[in-house]
Amino acid sequence: MGNVRKGAPVAPDRSGDDKAPGPLWSEPGTLLEHVRVAVFGIGGDDRICFWGPGAQDLFGHDSAAVLDRPAGVLFADPPEGAAPGDAGTGAGPVPLAERGRRLGYWRGRLRARHRDGTPFDCGFRAFPVTGADGASVVMALASRSDELDRVKTNLVFLDSLFETCPIGLVMLDEELRYVHLNQALADMDGMSIEAHLGRRTGDIMITSDGGEYERVLRRVTEEGRPVVGALVGVRTPGHPDRDQVRSVSFFPLSGAVGSRPGVGGLLVDVTDREEALMEASAHRRRLALLYRAAASIGSTLDVGTTARELVGAAVPEFCEASVVELVEWMDEPEVFDPGRPLNTRRIASGTTLPPPATELVSGLEKVTYPPGSAIHRMIMAGRAVSVPVNDEFMTRTVIHQERARLLRDSGLSWLLIAPLIARGTVQGLIMFGRSAARLPFTEQDLDLAGELASRAALSLDNARLYSRVQDIAVTLQRALLPSALASSPYVEFAHRYVPGSHITEVGGDWYDVIDVSGGRVALVVGDVMGHGVPAAAAMGRLRITAKALARHNQEPAALLTELDLCAQEAGIELATCVYLLYDPATGRARIANAGHPPPVVRRPDGSVDVIGDVLGVPLGVGGHRFGTTGVDLPDGAVLALYTDGLVEARGRDIEDGVRAVCGELRHVGGGLEAAADRILGRLLPGPPHDDTVLVLARVRRRPPHGA
């Protein structure tokens, strides 16, 4: 301060708002904006030597009126009974300056006088400042006592509120991030105050209301409408296993000058009062889980897929780990013997826990449980049971020490085991596992697990029965197909049968190569409409009949006529068949067709033709005549006979498929086995939706006798 000339104001006089404030004028947004602070200086002669703009606002004097005047003009006469000298009268010593010089720093209250003569209580801070010239000046800061008291009271109240209030208090910015909160709310969330700051409300207060809680907060910030006493059910990362109900009230924070707007809130834990609401919320979650499980489990008739759907429905919402196992019964009927070990096959698993939990649930396929295990007790009870993962469980249920070690280190503390029972038979079991971070399974959880297991068991049993039927149909189909084709020195064969994918029942496709009298060779390819065991049985009947008719030297059209009558008598409503009879002595082939995709022939010059001029009605329709056409086949010609599974697919009609076969056949020049594999690989890039048959035949003429 010593470089300020005596008699000059500390800050320039402020004559209007358009002028920049002086260096001691408070900046917007600070506490000084709400409490006016006067700054002035008193020289060694107790005269005013510095005068700031805040002093003019507080006392009403401009700088010209008070500089070099006695400082006593700023103070009121002392009240009656006060000691002499407690205030200045415009002359004489000024206690403010005297105390500042003597004490080095003084604060207190004195009665001040406004320019208009009005007295008011004023709080002062006084301290001496020595300039470069050695002169001492007492600098004084002054504010109205009522303004100071109001701010101090507010601050004391707010400090006490945030420190001792049992209600959760929070300040959020406009992005709903935590800016300030009290310890009560931190304890309510199970997290420290520091862990909240800067994070969004959605990261801390986890709700199951589809985002409605956050939308309410958004409306408070955007529309300025407060919310009072709303109830919300939440969980927090600090208490992941505890449902809470809170009564929340929020109001907009307008924001002081220079500060950001946001939301203020009060939160009260009313969980005890709202237990019914919590139970309803938990019940809704259980119902929602059951609904999702019912919608997803059993979407296919595949056992593995159904088991994986069951695990996916339970993890992670209901538990942190789950496995599904099917019982491998030793004999039929499938009767449980509690005195014998139980063998299972694990077909699905899943976990959200870190290793070694992953290896625990997925690292084993065959499992054996000794008599007396928790699994045996569960099956004997016929309902879900909950067991702690402790030494007793390890001893009675887990045989291998390495598996026991994995279980101990996995983090799982509780297991819920439910039987998969359908149609009175135990199909298998499902286990649900929870860690210590979550509550143990409750009776309601046992009921939920039982319902899940019951629904899944029926789906698994349907899939199991379907798989058995599929196995029977496939076995029957393969048994009825030729195990060895007829051989001829004048016809080279390559044949393929590709069953449909596992989600499609086996069809009634068949093929055969038959020796006919006179050295002739018959090629037959057919397809019974439908799937499963009935189609396979019908296919077998038609194939055997066609073979018997061919050996009786039937002409192609006559053979199909007889086959049509057989189909009608057997109740086979629809089947297709193409019959080709090749004579190597003449090189001529005679062909009849009952609604089947036409044969394709490739000649040695590379040209490819479709033999489609004798397409007749399918077998089983009846009432229609079949025709026969003849075609001369040069030496080395290649024939392709096939079923619609090769040429018909989703997004592609049969005509396009036949053209694709023609295109592939043009490239047949070497061995037929490789050609058959290449054609299937090109036209069936993935698992077929229907059974597929492909027969390739390269023909040669028989030399004349004596040649």
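What you see is a predicted model; the values in this text were computed from it and never measured.

Definitions and cut-offs
The residue numbers shown here count from 1 along each chain, following its written sequence. Per-residue local features are limited, in this predicted model, to residues with pLDDT of at least 70; the limit for side-chain atom pairs, both in listing and counting, is 80 or more; totals at the level of whole chains, interfaces and linings are taken over all residues. Hydrogens and water molecules were not included; the side-chain quantities draw on all heavy atoms of the structure. Only runs of H or I of at least four residues qualify as helices and only runs of E of at least two qualify as strands under DSSP, and these elements are numbered from the N terminus. Relative accessibility under 20% of the residue-type maximum defines a buried residue, over 50% an exposed one, and the middle range a partly exposed one, all with a 1.4 Å probe and only protein chains included. Values of accessible area rely on a 1.4 Å probe in the Shrake-Rupley scheme; residue burial ignores everything except the protein chains shown. Confidence scores labelled pLDDT are given residue by residue by the predictor and lie between 0 and 100. The criterion used for residue contact is that any of the two residues' heavy atoms lie within 4.5 Å. Think of it this way: a Phe, Tyr or Trp ring, Trp meaning its six-membered ring, pairs with another when their centres are within 6.5 Å, and the plane angle makes it stacked under 30 degrees, edge-to-face over 60, tilted otherwise. Here, over-ring charges are defined by two tests on the NZ atom of lysine or the CZ atom of arginine: distance to the ring centre within 6 Å, and angle to the ring normal within 35 degrees. The axes are straight lines fitted to the C-alpha atoms, using for helices just the contacting stretch, and the angles between their N-to-C directions are given from 0 to 180°. An angle below 35 degrees is read as roughly parallel, one above 145 as roughly antiparallel, one from 65 to 115 as roughly perpendicular, and any other as oblique. In this scheme the handedness of a crossing depends on how the near helix is turned from the far one: anticlockwise by less than a right angle means left-handed, clockwise means right-handed. Throughout this entry, Asp, Glu, Lys and Arg are counted as charged residues, while Ala, Val, Leu, Ile, Met, Phe, Trp, Tyr, Cys and Pro are counted as nonpolar. The remaining residues, Gly among them, count as polar. Put simply, buried Ala, Val, Leu, Ile, Met, Phe, Trp, Tyr and Cys residues joined by side-chain atoms within 4.5 Å make one nonpolar core. Being paired, for any two strands, means DSSP has found at least two bridges between them. The rule for a salt bridge is simple: a side-chain nitrogen of Lys or Arg has to be within 4 Å of a carboxyl oxygen of Asp or Glu. A residue counts toward a patch only above 30% relative accessible area and without a salt bridge, and it is joined to like-charged neighbours within 9 Å or, for Val, Leu, Ile, Met, Phe, Trp and Tyr, to nonpolar neighbours within 5 Å.

Q: Help me understand the overall build of the protein chain in this model?
A: The secondary structure content of the protein chain amounts to 20 helices and 28 strands. When the 707 residues of the protein chain are sorted by exposure, 46% land in the buried category. For the protein chain, the exposed area adds up to about 33700 Å²; of that, 54% sits on carbon and sulfur atoms.

Q: Is there a simple way to explain the confidence of the model for the protein chain in this structure?
A: Close reading of the predicted structure is inappropriate where its pLDDT is low. On average, residues of the protein chain score 83 in pLDDT, and 84% of them are at 70 or above. Counting interchain partners and residues more than four positions distant, the pLDDT-below-50 stretch residues 79-92 has 19 contacts.

Q: Would you explain the packing of aromatic side chains in this entry?
A: The relative placement of two aromatic rings is captured by the distance of their centres and the angle of their planes. As enumerated under the stated definition, the model contains eight aromatic pairs in all. Pairing F40 with W51 gives two aromatic rings, centres 5.9 Å apart and planes at 45°, and the pair type is tilted. Taken together, the residues F40 in strand 1 (residues 38-42) and W51 in strand 2 (residues 48-51) connect sequence positions eleven residues apart. A residue is classified by how much of its surface remains accessible, and W51, at 1% relative accessible area, is buried. Each ring, one from F75 and one from F124, has its centre 5.5 Å from the other, and the planes form 45°; the classification is tilted. A residue pair is termed long-range when its members are at least 10 positions apart, and F75 in the loop between helix 2 (63-66) and helix 3 (95-103) and F124 in strand 4 (residues 119-130) qualify at 49 residues. Through a chain of ring-to-ring contacts, the aromatic side chains of F40, W51, F59 and F120 assemble into a single cluster. We note R434 situated over the ring of F318; from NZ or CZ to the ring centre the distance is 5.2 Å.

Q: I keep staring at helix 3 and nothing clicks. Help me out?
A: Those residues of helix 3 that sit buried are P95, L96, A97 and G100. In the core, the buried residues of helix 3 are packed alongside strand 1, strand 3 (106-113), strand 4 and strand 5 (136-144).

Q: Sorry if this is basic, but what is going on with the packing of helix 19 (residues 654-665) against helix 20 (residues 672-683) here?
A: To characterise two packed helices, one gives the angle between the axes of the helices and the distance between these axes. Axis separation between helix 19 and helix 20 bottoms out at 10 Å; the angle between their running directions is 140°. On the basis of their axis angle, the class for helix 19 and helix 20 is oblique. The chirality of how helix 19 crosses helix 20 is right-handed. Facing A660, V661, E664 and L665 of helix 19, the residues of helix 20 in contact are R678, I679, R682 and L683. A class-by-class count of the residues in the contact of helix 19 with helix 20 yields five nonpolar, no polar and three charged.

Q: Quick question: what am I supposed to make of the nonpolar core here?
A: Grouped burial of nonpolar side chains is what soluble globular proteins tend to show. Core analysis: the largest hydrophobic core is formed by 34 residues, its most contacted members being F318, V324, L416, L420 and F432. Of all the secondary structure elements, the ones that give two or more residues to this core are helix 9 (275-296), helix 10 (303-314), strand 12 (321-327), strand 13 (342-351), strand 16 (412-422), strand 17 (425-435) and helix 15 (443-480). The biggest single contributor to this core is helix 15, with nine residues. Setting aside its immediate chain neighbours within four residues, F432 contacts A314, F318, C319, A321, S322, W414, L415, L416, F441, A449 and L452. Of all hydrophobic cores here, the second largest spans 30 residues; its members include A357, V389, V398 and V426.

Q: I keep staring at the pairing of strand 3 and nothing clicks. Help me out?
A: In the case of a regular strand, side chains alternate between the two sheet surfaces. Sheet topology note: the strand 3/strand 4 ladder contains eight bridges and is antiparallel. By the bridge assignment for strand 4, L110 is matched with C122. Hairpin remark: strand 3 followed by strand 4, antiparallel, with five residues in the connecting loop; positive phi at G117, about 95°.

Q: Whenever I open this one, the sheet that holds strand 13 confuses me. Can you help?
A: Picture the strands of a sheet paired through backbone hydrogen bonds; they go either parallel or antiparallel. With antiparallel pairing, six strands are arranged side by side in an open sheet as 14-13-12-17-16-15. Edge positions in the open sheet fall to strand 14 (366-369) and strand 15 (385-388), since each of these has one partner strand only. Shown here is a sheet whose adjacent strand axes are inclined to one another by a mean of 30°, direction ignored. Bridge analysis of strand 13 against strand 14 gives four bridges, and the strand direction is antiparallel. Bridge assignment links L342 to a residue of strand 14, and that residue is Y369. The strands touched by helix 12 (residues 374-381) within the sheet are strand 13, strand 14, strand 15, strand 16 and strand 17, with strand 16 carrying the most contacts at an inclination of about 40°.

Q: Any chance you could explain the sheet that holds strand 24 (residues 608-610) here in plain terms?
A: The strand order across the open sheet formed by five strands is 18-28-27-23-24, and the pairing between neighbours is antiparallel. Both outer strands of the open sheet, strand 18 (491-498) and strand 24, are each paired with one neighbouring strand and no more. When strand polarity is set aside, the average angle formed by the axes of neighbouring strands in this sheet is 15°. Against the sheet, helix 19 touches strand 23 (600-602), strand 24, strand 27 (638-642) and strand 28 (692-699), its axis set at about 20° to strand 23. Those strands touched by helix 20 are strand 18, strand 27 and strand 28, and its axis lies near 30° from that of strand 18.

Q: Please explain the pattern of salt bridges as it appears in this structure.
A: Side chains that differ in sign of charge can pair as their charged atoms come close. Counted by the stated rule, this structure contains 30 salt bridges. With a closest N to O distance of 3.3 Å, R101 and D46 form a salt bridge. Note that R101 is positioned in helix 3 and D46 in the loop between strand 1 and strand 2, a separation of 55 residues in sequence. A residue is classified by how much of its surface remains accessible, and D46, at 14% relative accessible area, is buried. We note a salt bridge from R200 to E175, for which the minimum N-O separation is 4.0 Å. Highlighted residues: R200 in the loop between helix 6 (193-196) and helix 7 (201-204) and E175 in the loop between strand 6 (168-173) and strand 7 (178-181), separated in sequence by 25 residues. Under the relative-accessibility criterion, R200 is labelled partly exposed at 35%. E175 gets classed as partly exposed once you look at its relative accessible area, which sits at 31%. Among the charged side chains, a network of salt bridges with common partners joins E212, R215 and R219.

Q: Just checking my understanding: could you explain a nonpolar patch on the surface for this structure?
A: Taken together, the side chains of M529, L574 and V621 define a hydrophobic patch exposed on the protein surface, amounting to about 230 Å² of accessible area. Relative to the assigned elements, M529 resides in strand 20 (residues 520-531). You can call M529 partly exposed: its relative accessible area is 36%.

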